[in-house]
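What the coordinates show
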Amino acid sequence: QLVESGGGLVQTGDSLTLSCAASARTFEGYNMAWFRQAPGNEREFVATISWNGRTTEYADSVKGRFAITRDNAKLMMWLQMNSLKPEDSAVYYCAGTRQYGTTSSVGDYEYWGQGTQVTVSS
């Protein structure tokens, strides 16, 4: 079970941190990721982190602005988002997969949260 929180309405240039709370069953040993989906668009990859936190990957659109982290002892994952832009507005989802190696493919993820809305006003 994955539960996102931390979304909200912010202005361009602001920062926001999303949280994902997990159960041990859907976190320990899992590579985790953040995806987002704007109205009318397909769900897209944002960032991923390996099960041990040593490997991270980012979509080009957020590289240098977003940071993904996790704390396995707390069963938590975060997405720190800086310098937010209106095009970052979307529902953000956390997801988990036991697939070996990090992946940016939606279809590779087994567990999904319900999402949290992020809206960036111009």
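In the block above lies the structure referred to throughout.
This part takes up the packing of aromatic side chains. Counting across every chain of the model gives six aromatic pairs. Ring geometry for Phe 35 against Phe 45: centres 5.9 Å apart, planes inclined by 70°, an arrangement best described as edge-to-face. Residue Phe 35 is found in strand β4 (residues 31-37), and its partner Phe 45 is found in strand β5 (residues 44-49); the two are separated by ten residues along the sequence. Accessibility classification places Phe 35 together with Phe 45 in one group, the buried group. Aromatic pair Phe 35 and Trp 112: ring centres 5.0 Å apart, planes at 55°, arrangement tilted.

Position of Arg 70 relative to the elements: it lies in strand β7 (residues 66-71). Asp 71 is the oppositely charged side chain nearest to the buried, salt-bridge-free Arg 70, at an N-O distance of 8.2 Å. There is a polar contact of 2.8 Å between the side chain of Arg 70 and the backbone oxygen of Tyr 30. If near-sequence neighbours (up to four positions away) are discounted, Arg 70 is found in contact with Phe 27, Tyr 30, Asn 31, Met 32, Ile 49, Ser 50, Trp 51, Gly 53, Met 76, Met 77 and Trp 78.

What follows deals with the pattern of salt bridges. Using the criterion set out here, one finds four salt bridges in the structure. Among the ionic pairs, Asp 88 bridges to Arg 36, the shortest N-O distance being 2.9 Å. Here Asp 88, found in the loop between β8 (76-81) and β9 (90-97), pairs with Arg 36, found in strand β4; they are 52 residues apart in sequence, far enough to count as distant. Accessibility classification places Asp 88 together with Arg 36 in one group, the buried group. Asp 60 is the salt-bridge partner of Lys 63, the closest N and O atoms lying 3.1 Å from each other. Assessed through its relative accessible area of 66%, Asp 60 is described here as exposed. When salt bridges with common partners are traced through the structure, they connect Arg 36, Glu 44, Arg 65 and Asp 88 into a single cluster.

Within a beta sheet, neighbouring strands are joined by backbone hydrogen bonds and run either parallel or antiparallel to one another. Taken together, four strands build an open sheet; the order of strands is β1-β3-β8-β7 and the sheet is antiparallel. Where the open sheet ends on each side, the last strands, each with one partner, are β1 (2-5) and β7. Ignoring which end each strand starts from, the neighbouring axes of this sheet average 15° apart. Both β1 and strand β3 (residues 16-22) contribute to a ladder of four bridges, which runs antiparallel. Looking at β3, one finds that Val 3 is bridged to Ala 21.

Basis of the calculations
Residues numbered from 1 in each chain as written. Predicted model: local features only at pLDDT ≥ 70, side-chain atom pairs only at ≥ 80, totals over all residues. Heavy atoms only, no water. Phe/Tyr/Trp six-rings, centres within 6.5 Å; stacked < 30°, edge-to-face > 60°. Helix = DSSP H or I, 4+ residues; strand = E, 2+ residues; numbered from the N terminus. Buried < 20%, exposed > 50% of the residue type's maximum accessible area, 1.4 Å probe, protein only. Lys, Arg positive; Asp, Glu negative; His and termini not counted. Salt bridge = Lys/Arg side-chain N within 4 Å of Asp/Glu carboxyl O. Polar contact = N/O pair within 3.5 Å; in protein donor to acceptor, adjacent residues only side chain to side chain. Contact = heavy atoms within 4.5 Å. Pairing = 2+ DSSP bridges. Axes fitted to C-alpha atoms, helices over the stretch in contact; angles between N-to-C directions.

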